[in-house]
Amino acid sequence: MAKTLRVVVPPHPLIAHWLTVLRHEGTPPALFRTAMEELGRWLSYEAIRDWLPHRRDVIKTPLASTEGTVIETAVPLLAAPIFPGGLQLWEGARQVLPSAELCLGGLPEAIEAQAGVVLLLDQIRQGDELIELLRRLEQLGVEAPRLRVITALTASPGLKQIGETYPEITIHTACIDADLDEQGRILPGIGDPLQRLGIRTAQPH
């Protein structure tokens, strides 16, 4: 049976609301940042629902003993926001991933054998950037079940390319837009996230 890329678009009104804020051309940078953070939080919440390692444990309440569920913190969890736009998603994601270790500046040189990895990208257009990251993770021994990808927005052409190369991964996103324009921008999209976040990048020397 052929494997199919799993793209999850949670039907949550808060996710739809903050995506609409991102899309609106009149949204100021401060509110755009807030919208990115909120999408990072809610998409991460959905992404770890059936994925985060946990165990049953017996605890005592003030009145009796009972069984509860606790997160398995012995299993490492790494969060890798792809600079600079993915960092805003992480600001929201950290609220539901408080025990995650933050990987600044990209992927680490080595990843523990059991560690889970969360990649955060502001958007997926042609898919080339994510495919390169997935290749590096493959070299580090990280297979699809240990990986979640979180992104504010995706484009169908990018998902098609990713699915042809890495069909086993799972992507959580607020929306799938159908097209790219001649400059490779998502339509209708959210515009240039860096410009709308008020971020200036350094020019190469």
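Structural data are supplied above this passage.
Residues numbered from 1 in each chain as written. Predicted model: local features only at pLDDT ≥ 70, side-chain atom pairs only at ≥ 80, totals over all residues. Heavy atoms only, no water.

### What about the nonpolar core?
Within the largest apolar cluster, 32 residues are counted, with the highest numbers of intra-cluster contacts made by Leu22, Leu39 and Leu120. Among the elements that take part in this core, helix 2 (residues 29–47) stands out by supplying 6 residues, more than any other. Setting aside residues no more than four positions away along its own chain, leucine 120 makes contact with Ser44, Ala79, Ala80, Pro81, Ile82, Gly86, Leu89, Trp90, Ala93 and Ile150. Among the nonpolar cores identified, the runner-up in size contains 26 residues, and Leu78, Ile131, Val142 and Leu147 belong to it. (Core = buried A, V, L, I, M, F, W, Y, C linked by side-chain atoms within 4.5 Å. Buried < 20%, exposed > 50% of the residue type's maximum accessible area, 1.4 Å probe, protein only. Helix = DSSP H or I, 4+ residues; strand = E, 2+ residues; numbered from the N terminus. Contact = heavy atoms within 4.5 Å.)

### Focus: the pairing of strand 6 (residues 116–124)
Among the 9 residues of strand 6, 9 are classified as buried, and the element is accordingly described as predominantly covered. Here strand 6 runs beside strand 7 (residues 147–155); their pairing, made up of 7 bridges, is parallel. Within strand 7, the residue paired with leucine 119 across the bridge is valine 149. In the classification by handedness, the crossover that spans strand 6, the intervening helix 4 (residues 128–139) and the parallel strand 7 is right-handed. (Pairing = 2+ DSSP bridges. Right-handed = clockwise from strand over helix to strand, strands pointing away.)

### Considerations on the packing of helix 1 (residues 13–23) against helix 2
At a closest axis distance of 9 Å, the pairing of helix 1 and helix 2 adopts a crossing angle of 150 degrees. Taken together, helix 1 and helix 2 sit at an angle that is classed as roughly antiparallel. In the packing of helix 1 onto helix 2, the handedness of the crossing is left-handed. In contact with Leu14, Ile15, Trp18, Leu19, Val21 and Leu22 of helix 1, helix 2 contributes Leu31, Phe32, Thr34, Ala35, Met36, Glu38, Leu39, Trp42, Leu43 and Glu46. Here the contact of helix 1 with helix 2 is built from residues that sort into 13 nonpolar, 1 polar and 2 charged. (Axes fitted to C-alpha atoms, helices over the stretch in contact; angles between N-to-C directions. Parallel < 35°, antiparallel > 145°, perpendicular 65-115°, else oblique. Left-handed = near helix turned anticlockwise from the far one by under 90°. Nonpolar A, V, L, I, M, F, W, Y, C, P; charged D, E, K, R; others polar.)

### Focus: the environment of glycine 116
Along the chain, glycine 116 falls in strand 6. Since its relative accessible area comes to 9%, glycine 116 is described here as buried. For the pair glycine 116 and glutamate 168, spaced 52 residues apart in sequence, the C-alpha to C-alpha distance is 15 Å. Leaving out residues up to four positions away in the same chain, glycine 116 has contacts with Trp51, Pro76, Leu77, Leu78 and Arg146.

### What about the side chain of threonine 154?
By the element assignment, threonine 154 lies in strand 7. The exposure class of threonine 154 is buried, given its relative accessible area of 0%. At 3.1 Å, the side chain of threonine 154 and the backbone oxygen of cysteine 175 are in polar contact. Those residues in contact with threonine 154 that sit more than four places away from it in its chain are Ile124, Leu159, Ile171, Thr173, Cys175, Ile176, Asp177 and Ile186. (Polar contact = N/O pair within 3.5 Å; in protein donor to acceptor, adjacent residues only side chain to side chain.)

### Here we look at the pattern of salt bridges
Oppositely charged side chains may form a pair once their charged atoms are brought near each other. Across all of its chains, the model carries 9 salt bridges by this definition. In this structure, arginine 55 and aspartate 57 form a salt bridge, with 3.8 Å as the shortest nitrogen-oxygen distance. Residue class for aspartate 57 comes out partly exposed when judged on its relative accessible area of 29%. Taken together, the salt bridges that share partners define one network made up of Arg55, Asp57 and Glu72. (Salt bridge = Lys/Arg side-chain N within 4 Å of Asp/Glu carboxyl O.)

### A few points about unusual backbone geometry
With omega at 0 degrees, the peptide bond leading from leucine 187 into proline 188 counts as cis. Here proline 188 is to be found in the loop between strand 11 (186–187) and helix 6 (193–197).

### Quick word on the packing of helix 2 against helix 3 (residues 86–93)
Their axes nearest at 6 Å, the elements helix 2 and helix 3 cross at an angle of 55 degrees. As summarised for this structure, helix 2 and helix 3 are arranged oblique, according to the angle between their axes. Remark: the crossing between helix 2 and helix 3 carries right-handed chirality. Every residue of helix 3 that contacts helix 2 at Arg33, Met36, Glu37, Leu39, Gly40, Arg41 and Ser44 is listed here: Gln88, Leu89, Glu91, Gly92 and Ala93.

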